[in-house]
Amino acid sequence: MGTVWYCLVALTLVFYVLLDGFDLGAGILHLVVARTGEERRQVLRSIGPVWDGNEVWLLATGGTLFFAFPALYASGFSGFYLPLMIVLWLLVLRGISIEFRNHVHSQVWTPFWDFVFCFSSLLLAIFYGAALGNVVRGVPLDAHGYFFEPLWTNFRLGEETGILDWYTIVAGLVAFFALTLHGAAWLLWKTAGPVHERARRVARVTWWGVAVFTVAVTWLTFRVQPQVPANLSAHPWGYVFPALAVAGLVALRWFVPRQSDGKAFLASCVYLLGMLSSVVFGLYPYVLPANTNPAYALTISNAKAGDYGLRIGLVWWSIGMALAIGYFVFLYRHFASKVSTEADHEGY
Amino acid sequence: MEDSLAIHRLHFAFTVTFHYIFPQLTMGLALLLVILKTLALRTGSEHYNRAARFWARIFGINFVLGVVTGIPMEFQFGTNWAQFSRAAGGVIGQTLAMEGVFSFFLESSFLGLFLFGEKRLGPKGHWLSAFLVFLGSWLSGYFIIATDAWMQHPVGYALGPDGEIQLASVSALLFNRWALWQYAHNMIGAVQTACFVMAAVGALYLLSGRHETYGRTFVRVAVIVGVVASITQAYPTGDAQGKMIAHDQPVTLAAMEGLFETQQGAPLAILGQPDMHKKRLDNPLIVPGMLSFLTYRRWTAAVRGLDRFPEQDWPDKILLLYYSYHVMVGLGTIFIAVMFVAALLLWKRRLYSSRWMLWVLMLCLPFPYIANTAGWITAEVGRQPWLIYGLMRTRAGVSPQVSSGNAWFTIIGFMGMYTVLAILFLFLVYREIEHGPGPAAAPAAVEVRA
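This is a predicted model, so every value here is computed, not measured.

Take the overall build of chain B next. Looking only at helices and strands, chain B has 13 helices and eight strands in total. Its C-alpha atoms give chain B a radius of gyration of 23 Å, near enough to 22 Å, the size a compact globule of 450 residues would have. Projecting the C-alpha coordinates of chain B onto the three principal axes gives extents of approximately 65 × 50 × 40 Å. Excluding contacts between residues fewer than 6 apart, the proportion of contacts in chain B whose partners are at least 24 apart in sequence is 74%.

Below, the structure is given as structure tokens:
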């Protein structure tokens, strides 16, 4: 039962990264690919009706984690106290920048919110990557299963490490490049005109960043977290996950210049799926490794909730998720067409 | 430890109080929007569609702020209350996750369609999207209330081998008697806020001679719904909740009412200031026997006072509890009077020309917000010193590793950020009200969401 929920939490997280990932990426690129007011509205319109629903996947991940692995939720969220609070502030800023930007047309108001949108999206991408890096590297858990990490100490790995050390910074950069590429692929697919062309150029350049840092983070991860190579050698079928990431990356290289924009976006999804599932496979059965004493680590079995709750949860959770996926299919089909720079015809 | 406990409590209290400014309006307004859309569908009149679009814009601004201030709430259980989350996550995590899975997805998906898709969906489809937004937001309220109700009155749980609290019955959790009454009381409170806001905007338009046809619609709809809401808020929902508190949290009742000594035929204090040293009410204005009657339906029944309970089980902020409760009840009574008179004038067809009544309606705007907030303070401070009533003390629930310095840092951050949000909120809502529901599209014509 614990393993099932481990996979389901991971699945919810994957949905979050794939969906909110593209609007974060669009945010990072907002000031780069869209120069005029019209173009910027076009970028925002491409994510306008969906970003908020995408973010609900973050809440769903948090909620699912809470009831399936209460000990992990408690330990992880209090241990990552400062970065998590900063993430929350960035989410607040990002949300209002998207929604409030178009309420006032002014030379001061609009560019200000464009900047806030771009800045918060960029920092969020890096923080998410660094957060995942922290989980992979392990945290200084004590015998009671709690820890607290400052934002940084000396940027070195070791027991006194902070949220940011050179490994987690690399992980943050992977996330930054990967989500930028994901956002570029989304804009390629959903826009036409100058934004579309600039998104293609960005995608081609960013691809190299993704490729280089993916190799770097993979190499580092094998040295930082011994559980990953151990799992791979014990279960060689697990190589399918990194292979998925490589396949996605190669496919992106193929589709982006060939104007197969829908397929390029899909390839980017496959890449992200491959990367995340590699982490999920590599850490199993840990949910939060300890870099102090391996015995203090949180695992599926010592972090999970009672069996009755997990069983009953499986029933309503599956129904709820099926419904949610249904709404999303309906919503995305409704807003399926490309957004142009012309005035909006869908509104009132 | 003690000083970090105080700061963690303040952290949650501040962020949740600010957050709840927005959902109380959106939940109530969702119902009023369904009513306006229904009127539009039945009369086929564009007037009601325009009225609905105007309120949808106000709804949108509130919704965004509700979302961005709501996300921190779900995470604060883990960040600031780790021991509580670890012990009780298997239970309250269920209802919180249900909220995300069943209501947020529904609400956020269909809000996009409701705000963007009117032309493409057609009148019936658009009505349906409004209804689904209403359903999503009201479901969301239920799951939150069920979570709080479990903390007020824990049911359906079993203690695990390491003292962790495990779920034993999901139906007991979801159909907790406390959840049902608390939900009814809370949602009617939200409807009251929406009614008073809609009535205030309508009254403003009528008094200033602008958008008068809309002003009349707003006042009419708000007063008709508002009078029903105000009465049901007191009876049966408020009454039932009082009885539950008397039954399950008698010490809370004594503190709320300022009843220091156990009495037969206990009086109801309308006014009075508790003196915690002399253990009595100063300047009491009381109705003899009324508290006994309200609680047990007998004028001479004995009601237990604070003297009957050990001091360590008293709510630790009795003054805050006493005053919030009295503010809530006092305002609730005033709402009944205001809405009743307004409804009478509406029935006599004199409301739109009764300028004094329109003034009253307009100036009532802040009070339902205060009453709702005071009600929540009563519930949460009344639960103290327990985090889970009878099971876990509040001081046992905080995050052991988060120092008070770090908690101060983040509460200052939240205060700063929320000050900015409050200013933006007032500015944007003011613009919408200034612009009004007229036919010319607002400069803010909703291009991106809301």
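We now examine the overall build of chain A. Across its full length, chain A holds 13 helices and two strands. Taken against the 2.2 N^0.38 rule, which gives 20 Å for 348 residues, the C-alpha radius of gyration of chain A at 20 Å falls within 12% of a compact globule. With the principal axes as the frame, chain A shows a C-alpha extent of 60 × 40 × 40 Å. The 348 residues of chain A split such that 57% are buried. A separation of at least 24 residues holds for 76% of the contacts in chain A among residues at least 6 apart in sequence.

It is worth spelling out the interface of chain B and chain A at this point. Listed per partner, the contact involves 62 residues of chain B and 63 residues of chain A. Within the residue set of the side of chain B that touches chain A, elements represented by two or more residues are α2 (46-80), α3 (82-116), α4 (118-152), β2 (165-167) and α13 (404-435) of chain B. If you tally residues by element for the side of chain B that touches chain A, the top one is α3(B), at 23 residues. Looking at the side of chain B that touches chain A, its residues break down into 33 nonpolar, 20 polar and nine charged.

Below, the discussion takes up α2(B). Residues and elements named next belong to chain B. Its 35 residues place the ends of α2 50 Å apart at the C-alpha level, agreeing with the 51 Å of an ideal helix rising 1.5 Å per residue. The sharpest bend along α2 measures roughly 35° and falls at Glu-74. Extensive coverage of α2 is indicated by the burial of 32 of its 35 residues.

A word on the environment of A:Leu29. Residues and elements named next belong to chain A. Along the chain, Leu-29 falls in helix α1 (residues 2-33). Of the residues examined, Leu-29 has 27 C-beta atoms within 10 Å and is grouped as buried. It is 9.3 Å that separates the C-alpha atoms of Leu-29 and Leu-181, two residues lying 152 residues apart in sequence.

Take the pairing of strand β5 (residues 280-287) of chain B next. All names here are of chain B. Relative to β5, strand β4 (residues 268-275) is paired through six bridges, and the arrangement is antiparallel. By the bridge assignment for β5, Pro-274 is matched with Leu-281. Hairpin geometry of β4 and β5 is characterised by an intervening segment of four residues between the two adjacent antiparallel strands and by a positive phi of about 55° at Lys-279.

Residue and element names in this part refer to chain B. Within the largest apolar cluster, 269 residues are counted, with the highest numbers of intra-cluster contacts made by Trp-55 and Ala-199. Broken down by element, this core gets its largest block of residues, 20 residues, from α3. The residues touching Trp-55, leaving out its near neighbours within four places in the chain, are Leu-29, Leu-32, Leu-33 and Leu-36.

Residues and elements named next belong to chain B. Here the residue pair Tyr-235 and Pro-236 is connected by a cis peptide bond, since its omega of 10° sits within 30 degrees of zero. Looking at the element boundaries, Pro-236 is found in helix α7 (residues 212-248). Between Gln-384 and the following residue, Pro-385, the backbone shows a cis peptide bond with an omega angle of 5°. Within the secondary structure layout, Pro-385 lies in the loop between α12 (366-383) and β7 (386-388). Look at His-211: it is not a glycine, yet its phi comes out positive at around 45°.

All names here are of chain B. With respect to the secondary-structure elements, Gln-241 resides in helix α7. Between the C-alpha atom of Gln-241 and that of Trp-178, which follows or precedes it by 63 residues, the distance is 7.7 Å. Among all residues touching Gln-241, those that are not within four sequence positions of it are Trp-181, Gln-182 and His-185.

Next up on the list: the packing of helix α10 (residues 318-347) of chain B against helix α11 (residues 355-363) of chain B. All names here are of chain B. For the pair α10 and α11, the least separation of the axes is 11 Å and the interaxial angle reads 140°. For the pair α10 and α11, the crossing hand works out as left-handed. Touching Val-338, Val-341, Ala-342 and Leu-345 of α10 are Met-357, Val-360 and Leu-361, all from α11. Within the contact of α10 with α11, the residues separate by chemical class into seven nonpolar, no polar and no charged.

It is worth spelling out the confidence of the model for chain A at this point. Of the residues in chain A, 97% have a pLDDT of 70 or more, and the chain-wide mean is 90. This stretch, residues 343-348 of chain A, has a pLDDT under 50; its non-local contacts, to residues over four places away or in other chains, come to 15 contacts.

All names here are of chain A. The contact between helix α3 (residues 51-68) and helix α13 (residues 307-334) brings their axes to 12 Å, and the two run at 175°. One way to sum up the angle between α3 and α13 is to call them roughly antiparallel. On the side of α3, the interface is formed by Gly-53, Phe-67 and Ala-68, while α13 contributes Gly-309, Leu-310, Gly-313, Phe-328 and Leu-331. Split into classes, the residues belonging to the contact of α3 with α13 amount to five nonpolar, three polar and no charged.

Residue and element names in this part refer to chain B. Burial analysis of helix α8 (residues 250-257) places seven of its eight residues in the buried class, the great majority of the element. Of the surrounding elements, those touching the buried residues of α8 are α7, β4, α9 (290-296), α10 and α12. Looking at the residues trailing α8, positive phi occurs at Gly-258, about 70°.

Let us look at the environment of A:Ala143. Along the polypeptide, A:Ala143 turns up in the loop between α6 (109-137) and α7 (166-190). For the pair formed by A:Ala143 and A:Tyr296, sequence separation is 153 residues and the distance between their alpha carbons is 5.7 Å.

About the criteria used
- Residues numbered from 1 in each chain as written.
- Chains lettered and ligands numbered in written order.
- Predicted model: local features only at pLDDT ≥ 70, side-chain atom pairs only at ≥ 80, totals over all residues.
- Helix = DSSP H or I, 4+ residues; strand = E, 2+ residues; numbered from the N terminus.
- Rg over C-alpha atoms; globule rule 2.2 N^0.38 Å.
- Contact = placed C-beta atoms within 7 Å.
- Buried ≥ 20, exposed ≤ 12 C-beta atoms within 10 Å, placed from the backbone.
- Nonpolar A, V, L, I, M, F, W, Y, C, P; charged D, E, K, R; others polar.
- Expected span 1.5 Å × (residues − 1).
- Bend = angle between axes of the 7 residues up to and from the residue.
- Pairing = 2+ DSSP bridges.
- Core = buried A, V, L, I, M, F, W, Y, C linked by C-beta atoms within 7 Å.
- Axes fitted to C-alpha atoms, helices over the stretch in contact; angles between N-to-C directions.
- Left-handed = near helix turned anticlockwise from the far one by under 90°.
- pLDDT = per-residue confidence, 0-100.
- Parallel < 35°, antiparallel > 145°, perpendicular 65-115°, else oblique.

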